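# Tertiary structure, described
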Amino acid sequence: MAVDPEYASAKGRKRSRGPQRSPREVADELRRRITAGELRPGQRMPTQAKLAVEFGVERGAVRQALRILQSEHLLTNVSKGSPATVAPDPRWAPAGPAAPPLPTTVALTPRVAAAFGASHVRIDALCLTAVSLTMAIGEPLRQIHAGRLKPAKVDVRVLLPSRDIALAFPTPVDDALAAGRLRRRWLNQRNAQGQVLRHNLLALRATHGIDVHVGFRALPFTPPVKLYLLNDAETLFAYYTLHRREQEVDHEHLQLYDAEGTQSMLFAFEQGAGPRDTTFVKQSHLWFDALWRTISSELTLVD
């Protein structure tokens with residue numbers, strides 16, 4: 001009996017039909033490799049067959065993952081035949097108010113890296129977990145360590161949901177008993193990402209003598225949007241759009257409502273680009289500062 005090629009390994013052995021990664025999870029890992037520089041601009045990707053074996057998924061799932069990355073302008077030449085190619089320089093997406101909205105994973109890194117070109121870097125962020133900001137700051141940190149950037153001062157403030165609230169999302173569709181597990185998973189991610197962000201930035205004090213300050217405060221609500229304010233000059237804004245999807249939590253597959261923040265489309269508004277953009281940037285700073293000074297509270301990144 002012939003083995004279904006979708007379940008065959010490179011050596012012809014049939015793969016297990018146990019729990020598999022979703023196309024989105026495969027795309028997330030490949031995206032991480034691209035943005036981290038493990039896969040370089042212009043480099044050909046491994047074949048779909050090799051990726052299917054590596055991730056333990058069907059080739060159809062690999063193709064879906066590659067198409068996701070192509071839609072984010074991270075890959076080119078995605079087809080059934082030859083391997084895809086990493087885009088010429090995926091880290092440097094178009095910037096400025098005339099640029100089209102792009103997913104957070106594509107748009108945020110080049111803008112944050114550009115912000116680090118200033119002598120005094122000021123970044124404010126309001127988000128659900130800070131995972132996108134932590135990923136984006138990795139690029140300017142690499143440039144600092146390579147000697148291509150040398151800011152004198154870095155101030156970062158982050159507003160995240162409080163551990164004491166009932167999250168609006170992620171939330172189970174109809175399993176109230178699972179809400180606690182989802183909340184614990186979110187809290188672990190919030191704390192882990194915040195700790196990594198703080199550690200990586202504060203390390204610049206010892207390694208490069210940069211004056212760094214990082215602060216976190218807790219919001220009494222689940223933010224329906226994400227917001228990044230860069231050097232008083234640019235505001236990046238995105239909606240957390242909820243979708244129903246299935247995800248494995250503590251070895252159980254749950255139906256839940258959640259938002260994929262890394263895929264949220266970022267809209268850019270730039271100071272001086274016109275009355276509309278200038279006013280939006282100003283009001284965004286006023287809104288963030290008001291939340292920071294008033295209803296937010298001290299946030300400790302521990303479980």
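Scroll up to find the structure this text is about.
Procedures and definitions
- Residues numbered from 1 in each chain as written.
- Predicted model: local features only at pLDDT ≥ 70, side-chain atom pairs only at ≥ 80, totals over all residues.
- Heavy atoms only, no water.
- Helix = DSSP H or I, 4+ residues; strand = E, 2+ residues; numbered from the N terminus.
- Buried < 20%, exposed > 50% of the residue type's maximum accessible area, 1.4 Å probe, protein only.
- Contact = heavy atoms within 4.5 Å.
- Pairing = 2+ DSSP bridges.
- Axes fitted to C-alpha atoms, helices over the stretch in contact; angles between N-to-C directions.
- Right-handed = clockwise from strand over helix to strand, strands pointing away.
- Phe/Tyr/Trp six-rings, centres within 6.5 Å; stacked < 30°, edge-to-face > 60°.
- Lys NZ or Arg CZ within 6 Å of the ring centre and 35° of its normal.

What follows is about the side chain of Asn231. With respect to the helices, strands and loops of the structure, Asn231 is situated in the loop between strand E8 (225-230) and strand E9 (234-239). A relative accessible area of 15% places Asn231 in the buried class. When near neighbours in sequence (up to four residues on either side) are disregarded, Asn231 contacts Ala115, Ala118, His120, Val121 and Arg122.

Residues Phe169 and Pro170 are joined by a peptide bond in cis, for which omega reads 0°. Its location among the elements puts Pro170 in the loop between strand E5 (153-161) and strand E6 (171-172). Of note in the backbone geometry, Ala130 takes a positive phi value of approximately 75° without being a glycine. One non-glycine residue with positive phi stands out, namely Asn231, at about 55°.

In this section: the sheet that holds strand E12 (residues 265-270). The eight strands lie next to each other as E3-E12-E9-E8-E4-E5-E7-E13, forming an open sheet whose pairing is mixed. Only two strands of the sheet have a single neighbouring strand rather than two, namely strand E3 (102-103) and strand E13 (297-298). For E5 and strand E7 (residues 211-219), the ladder comprises nine bridges, and the chain directions are parallel. The partner of Val158 across the bridge, within E7, is Phe216. Contacts from helix H6 (residues 179-208) reach E5 and E7 within the one sheet, and its direction differs from that of E7 by about 165°.

Let's shift gears to the sheet that holds strand E10 (residues 242-249). As summarised here, the arrangement of the three strands in space is E6-E11-E10, forming an open sheet in which the pairing is antiparallel. Each edge of the sheet is formed by a strand with only one pairing partner; in this case those strands are E6 and E10. Bridging between E10 and strand E11 (residues 252-259) involves eight bridges; their strand directions are antiparallel. Counterpart to His243 in the pairing with E11 is Asp258. On top of the sheet, H6 reaches E6, E10 and E11; it is set at about 90° to E10, its chief contact.

Summarising burial for strand E4 (residues 120-126): five of the seven residues are buried, a large majority. Bridge count for E4 against E5 is seven bridges, and the pairing is parallel. Counted as the bridge partner of Ala125 is Val158 from E5. Handedness of the crossover joining E4 and E5 through helix H5 (residues 131-145) is recorded here as right-handed.

Let's shift gears to the packing of aromatic side chains. In the structure shown here, the tally under the stated rule is five aromatic pairs. Taking 5.8 Å as the distance between ring centres and 55° as the angle between the ring planes, the aromatic pair formed by Phe169 and Tyr240 counts as tilted. Within this pair, whereas Phe169 is found in the loop between E5 and E6, its partner Tyr240 is found in the loop between E9 and E10, the two being separated by 71 residues in sequence. Given a relative accessible area of 10%, Tyr240 falls into the buried group. It is Arg157 that lies over the ring of Trp292; its NZ or CZ is 5.1 Å from the centre.

On their own, these measurements won't tell you what the molecule is for.
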